[in-house]
Protein chains: 6
Amino acid sequence: MPIVFITRRERFSAAHKLARPEWSAEQNQATFGKCSNPNWHGHNYELWVTVKGEPSAETGFVVDLSKVSAIMQETVISKLDHKNIDLDVDFMRGRLSSTENLAIAIWEQLREPIEALGCSLHAVKVQETENNYVEYHGQ
Amino acid sequence: MPIVFITRRERFSAAHKLARPEWSAEQNQATFGKCSNPNWHGHNYELWVTVKGEPSAETGFVVDLSKVSAIMQETVISKLDHKNIDLDVDFMRGRLSSTENLAIAIWEQLREPIEALGCSLHAVKVQETENNYVEYHGQ
Amino acid sequence: MPIVFITRRERFSAAHKLARPEWSAEQNQATFGKCSNPNWHGHNYELWVTVKGEPSAETGFVVDLSKVSAIMQETVISKLDHKNIDLDVDFMRGRLSSTENLAIAIWEQLREPIEALGCSLHAVKVQETENNYVEYHGQ
Amino acid sequence: MPIVFITRRERFSAAHKLARPEWSAEQNQATFGKCSNPNWHGHNYELWVTVKGEPSAETGFVVDLSKVSAIMQETVISKLDHKNIDLDVDFMRGRLSSTENLAIAIWEQLREPIEALGCSLHAVKVQETENNYVEYHGQ
Amino acid sequence: MPIVFITRRERFSAAHKLARPEWSAEQNQATFGKCSNPNWHGHNYELWVTVKGEPSAETGFVVDLSKVSAIMQETVISKLDHKNIDLDVDFMRGRLSSTENLAIAIWEQLREPIEALGCSLHAVKVQETENNYVEYHGQ
Amino acid sequence: MPIVFITRRERFSAAHKLARPEWSAEQNQATFGKCSNPNWHGHNYELWVTVKGEPSAETGFVVDLSKVSAIMQETVISKLDHKNIDLDVDFMRGRLSSTENLAIAIWEQLREPIEALGCSLHAVKVQETENNYVEYHGQ
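Undergrad: Describe the packing of aromatic side chains, with residues and values.
TA: Summed over all chains, the structure comprises 30 aromatic pairs over all chains. Each ring, one from B:Phe12 and one from B:Tyr45, has its centre 4.8 Å from the other, and the planes form 15°; the classification is stacked. With B:Phe12 in strand 1 (residues 4–16) and B:Tyr45 in strand 2 (residues 41–53), this residue pair connects regions lying 33 residues apart in the sequence. We note that B:Phe12, like B:Tyr45, is buried. Relative to E:Phe32, the ring of D:Phe61 has its centre 5.6 Å away and its plane inclined at 80°; by these criteria the two rings are edge-to-face. Separated into two different chains, D:Phe61 in the loop between strand 2 (41–53) and helix 2 (65–80) and E:Phe32 in helix 1 (residues 25–32) make up a pair that spans both. Among the residues examined, D:Phe61 registers a relative accessible area of 16% and is labelled buried. Positioned over the ring face of E:Trp23 is E:Arg20, at 5.9 Å from the centre of the ring. Over the face of the ring belonging to E:Tyr133 we find E:Lys125, whose NZ or CZ atom lies 4.2 Å from the ring centre.

Undergrad: I'd like a description of the interface of chain C and chain B, backed by residues and values.
TA: On the chain B side, the residues contacting the 25 residues of chain C number 25 residues. Taking both sides of the interface into account, the surface hidden between chain C and chain B amounts to around 2,000 Å²; carbon and sulfur atoms contribute 43%. The partner of C:Glu130 in a salt bridge is B:Arg11, with the nearest N and O atoms 3.4 Å apart. The tally of links from chain C across to chain B stands at 23 residue pairs in polar contact (both at pLDDT 80 or more). At the level of secondary structure, the elements contributing two or more residues to the side of chain C that touches chain B comprise strand 1 (4–16), strand 2 (41–53), strand 3 (83–84), helix 3 (85–88) and strand 4 (120–129) of chain C. By residue class, the composition of the side of chain C that touches chain B is 5 nonpolar, 11 polar and 9 charged.

Undergrad: Go over the relation of the copies chain C and chain B with me, naming the residues and quoting the values.
TA: By a simple turn and slide, chain C fits onto chain B: the slide is 0.0 Å along the axis, the RMSD is 0.0 Å, and the turn is 180°. Both copies of the chain, as the preceding transformation shows, are related through a two-fold rotation axis. A share of 100% of the interface residues of chain C reappears at the interface of chain B, consistent with the copies meeting face to face through the same patch.

Undergrad: So what's going on with the pattern of salt bridges? Residues and values would help.
TA: A full pass over the atoms with the stated rule returns 60 salt bridges over all chains. Here E:Glu130 makes a salt bridge to D:Arg9, at a shortest N to O gap of 3.0 Å. Of this pair, E:Glu130 sits in the loop between strand 4 (120–129) and strand 5 (132–136) while D:Arg9 sits in strand 1 (residues 4–16), each in a different chain. Owing to a relative accessible area of 4%, D:Arg9 belongs among the buried residues under this scheme. A salt bridge links E:Arg95 to E:Glu108, with the nearest nitrogen and oxygen atoms 2.7 Å apart. Of this pair, E:Arg95 sits in the loop between helix 3 (85–88) and helix 4 (99–115) while E:Glu108 is found in helix 4, placing the two residues 13 residues apart along the sequence.

Undergrad: Quick one: what's the story with helix 2 (residues 65–80) of chain F, residue by residue and with numbers?
TA: Counted at 1.5 Å a residue, the expected span for helix 2 of chain F with its 16 residues is 22 Å, and the 21 Å between its end C-alpha atoms agrees. Roughly 45° is the biggest bend found in helix 2 of chain F, and it falls at F:Gln73. Considered for burial, the residues of helix 2 of chain F that qualify are F:Leu65, F:Val68, F:Ser69, F:Ile71, F:Met72, F:Thr75, F:Val76, F:Ile77 and F:Leu80. For helix 2 of chain F, the elements touching its buried residues are strand 5 (132–136) of chain A together with strand 1 (4–16), strand 2 (41–53), strand 3 (83–84), helix 3 (85–88) and helix 4 (99–115) of chain F.

Undergrad: Tell me what's going on with unusual backbone geometry, and back it up with residues and numbers.
TA: Residues and elements named next belong to chain D. Of note in this structure, His82 is not a glycine but carries a positive phi near 60°. Within the element layout of this structure, His82 appears in the loop between helix 2 and strand 3 (83–84). Since its relative accessible area comes to 8%, His82 is described here as buried.

Undergrad: Tell me about helix 4 of chain F, and please be specific about residues and values.
TA: Residue and element names in this part refer to chain F. Under the 1.5 Å per step criterion, the end-to-end length of helix 4 is 24 Å for 17 residues, consistent within 8% with the ideal 24 Å. Bending of helix 4 peaks at approximately 30° at the position of Gln109, with proline Pro113 no more than four residues after it. Along helix 4, the positions that sit buried rather than exposed are Thr99, Glu100, Asn101, Leu102, Ala103, Ile104, Ala105, Ile106, Trp107, Leu110 and Ile114.

Undergrad: Outline the environment of F:Gln127, listing residues and values.
TA: Residues and elements named next belong to chain F. By the secondary structure assignment, Gln127 is in strand 4 (residues 120–129). When its relative accessible area of 13% is taken as the criterion, Gln127 is described as buried. Residues Gln127 and Asn44 lie 83 residues apart in sequence; the distance between their C-alpha atoms is 8.5 Å. Apart from residues no more than four positions distant in its own chain, Gln127 is found in contact with Asn44, Tyr45, Glu46, Asn132 and Tyr133.

Undergrad: I'd like a rundown of the arrangement of the chains, residues and numbers included.
TA: At no point do chain A and chain C touch; the closest pair of C-alpha atoms across them sits 15 Å apart. The smallest C-alpha distance separating chain B from chain E is 15 Å, and no contact links them.

Undergrad: Can you break down the packing of helix 2 of chain F against helix 4 of chain F residue by residue, with the values?
TA: Helices that pack against each other are described as a pair by the angle of their axes relative to one another and the distance between those axes. All names here are of chain F. Packing of helix 2 against helix 4 brings their axes to within 10 Å, and their N-to-C directions diverge by 140°. Our classification of the angle between helix 2 and helix 4 gives oblique. Crossing hand, helix 2 versus helix 4: right-handed. Contact residues: Val68, Ile71, Met72, Thr75, Val76 and Leu80 in helix 2; Leu102, Ile106, Gln109, Leu110, Pro113 and Ile114 in helix 4. Of the residues that constitute the contact of helix 2 with helix 4, the class distribution is 10 nonpolar, 2 polar and no charged.

Reading guide: rules and limits
- What you see as residue numbers is a count from 1 along each chain, following the sequence as written.
- Naming scheme: in the order in which they are written, chains are lettered from A and ligands are numbered from 1.
- Predicted model: local features are reported for residues with pLDDT of at least 70 only, side-chain atom pairs are reported and counted for 80 or more only, and whole-chain, interface and lining totals are derived from all residues.
- Neither water nor hydrogens contribute to the side-chain values; these are computed over all heavy atoms in the structure.
- Two rings from Phe, Tyr or Trp (for Trp, the six-membered ring) form a pair when their centres sit within 6.5 Å of each other. Planes less than 30 degrees apart are called stacked, planes more than 60 degrees apart edge-to-face, and all others tilted.
- Put simply, DSSP H or I for four residues or longer makes a helix, DSSP E for two residues or longer makes a strand, and each gets a number counted from the N terminus.
- Partly exposed describes any residue whose relative accessible area lies between the buried limit of under 20% and the exposed limit of over 50%, with all areas from a 1.4 Å probe on protein chains only and scaled to the type maximum.
- Sitting over a ring, as applied to charges here, requires NZ of Lys or CZ of Arg to be within 6 Å of the ring centre and within 35 degrees of the ring normal.
- Contacts are assigned to residue pairs with any non-hydrogen atoms lying within 4.5 Å of each other.
- Buried area is understood as the total, over both parts, of accessible area removed when two parts are fitted together, assessed with a 1.4 Å probe.
- Salt bridges are defined as contacts in which a side-chain nitrogen from Lys or Arg sits within 4 Å of a carboxyl oxygen from Asp or Glu.
- Think of a polar contact as two N or O atoms within 3.5 Å of one another; within protein, one of them needs to be a possible hydrogen donor and the other a possible acceptor, and neighboring residues in sequence only count if both atoms come from side chains.
- Here the term charged refers only to Asp, Glu, Lys and Arg, the term nonpolar to Ala, Val, Leu, Ile, Met, Phe, Trp, Tyr, Cys and Pro, and the term polar to all other amino acids, Gly among them.
- The least-squares superposition of copies is restricted to C-alpha atoms, and to residues with a pLDDT of at least 70 in both copies.
- Helix span is expected to be 1.5 Å times the residue number reduced by one.
- Take the seven residues that end at a residue and the seven that start at it, fit an axis to each, and the angle between those axes is the bend at that residue.
- Between the N-to-C directions of two axes lies an angle of 0 to 180 degrees, each axis being a line fitted to C-alpha atoms and, for a helix, fitted only over the stretch in contact.
- Comment on the angle field: the value is read as roughly parallel under 35 degrees, roughly antiparallel over 145, roughly perpendicular from 65 to 115, and oblique elsewhere.
- It is the rotation of the near helix from the far one that decides the hand of a crossing: anticlockwise by less than a right angle makes it left-handed, clockwise makes it right-handed.

See below:
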């Protein structure tokens, strides 16, 4: 039985910073560099979600990709887009907003509703700039 | 012995639609949305083919990539480019032209001639828009 | 007074062909090449619309870009996306669907509603593939 | 004498919002939509600066582009990158951070040092997302 | 009568360096930096050629773009692709291979054959890296 | 424990050719085509390096990506950028500069310093043109 991977991209623009509140400005600067600037900075993030499964004989679809897109929008994008990741986003509360932590948290939000569609969540990729991205495949 | 993966991109522009002829327009619309519009639509598709093998000591090549490109052109691109996937393409006859089915069918066309070059076919990736793509690695 | 240009991109996927019905298949092939294939082909088109004007002292906007986007969607994209340009699009009736003619027709659709926003339509750019695009600035 | 245009891109990641402090949250939301969210959002901005002039017979250069890049870095990028445009940037003080205003302010920062290199500043382009950008050519 | 601009991209990969033979290595290094390294370096160049004219009532074309592409290939790309710009290219003999000089020389090669097609050459754009490009519009 | 993959891109522009000195020009041309042209050609290469590990509870980082970038710059980019791969690069001495061999050699340069950061080197990807790239994951 052929297993196929299908990927959907959505985008969000958000503010964040990397700084531990219990650390001094100097310690944050030494560890996180310009990412610790106190007044925030931001990015145009790209989120790529890959699911896998066997295409249906009837539709040729692993999954209706518009449903994957809707889950991404409702569960993740609507909470992150034009928001501050550190102040506004419930699923990031208490977590430093490194791209690594963001990818893990997005995976956690998506896994259940994606699998309720009858396919498996394979990968979450978060691209922060044209020069860096993170991928997470679950534990 | 080092195994290296090498990927070649080719492109084709084609028309298609997603609709089961035995279904009503309403049922097709409910299942496939705007992709079922009766007069077709189309895309600039990108096809990325990845092969793997050990580089030759003499040439440094896993495979002469111009031969991979030629196989892609003769076997796949020439049949799809500026064509209607549903009406014109022998290897898609009787198959709904979902990106998933397209990737599987392209894999089937490429596997034998690629392996005749002395390397393995590793992945076929078909990108339909800047927001979706499908990957297939064989069974 | 500073004049600023602001550009919005929207996208559509459509089928079309280039062929004059009163010509033979041979003549169409000689003139339009593979673009004349009878069963259509298609593209992911990008539409870039540039308007110009003086930024408002109150908002800093030449125009509310979400209104430009809405006009593009209602007037143009909703008629072209997942459609056949030659069969389904009222404003292309009786016109060969060359990218040049498409850019002119889109300009004609957009000029009045864009100017009703209080800015000038400066340019319409239609990108058909990664290797070709057309620009039109009106007469 | 041939006049040639040469363009350099630099990038910055910054936070901002669009909101007038003397307006209510409702009025800001009605005018600026999600861009007015109080806790900021952000973007990966691209800055494209075009200068023009006659190439030197000796070097073939309109200008040493590494000097244009250095001016962009010192005058603009170092003040914007990983900063909050509304709180941290001297040349944006008292200006709403619309992309239009940002392009005008960047032009004002660059014109004098660019012209001290012996060429003319032709255009400043600020790309905020993959779907919008602004261009300014001076008054 | 509507004037439309149409653009075609072709690509070439070439080696070059920037150094005046009558200068010392130090003087070349001071003027051209790492671009003067004696053993050459290289780029994937993109060439964008824009022509303008009135679309034909019969074809909808300003010009048959496949003819523009063929002229670009024969006149320019075949001489530059997988070549050394400073050693192998007749139309660059005696000229420093700055992007500015390259754009001017390409314009000179293209103007006559493009205009023989019945349209005007409007612009030659040469992109050297993702961060720099040059445009020339003739004298 | 969650394993996350993080990728950094750096770029270099270099000259090279593919030709065995002990072969005739004809044999090199038959094997390597235009890549064997004696006076070199060149590319804008992109290098994507992927490391993997568990994010630190304190920083949210698998690794400080600026350190990965610095290792890439010092170990690889500074030796390749604006250089001739066949003449100037110690770690390519005696190796044909196929993209496959280049990816393997870059892996060898990076593995030790990357692992000294406390994470694993997962993949080296070298993109030579927009149509081809190579990936290596070690032996």
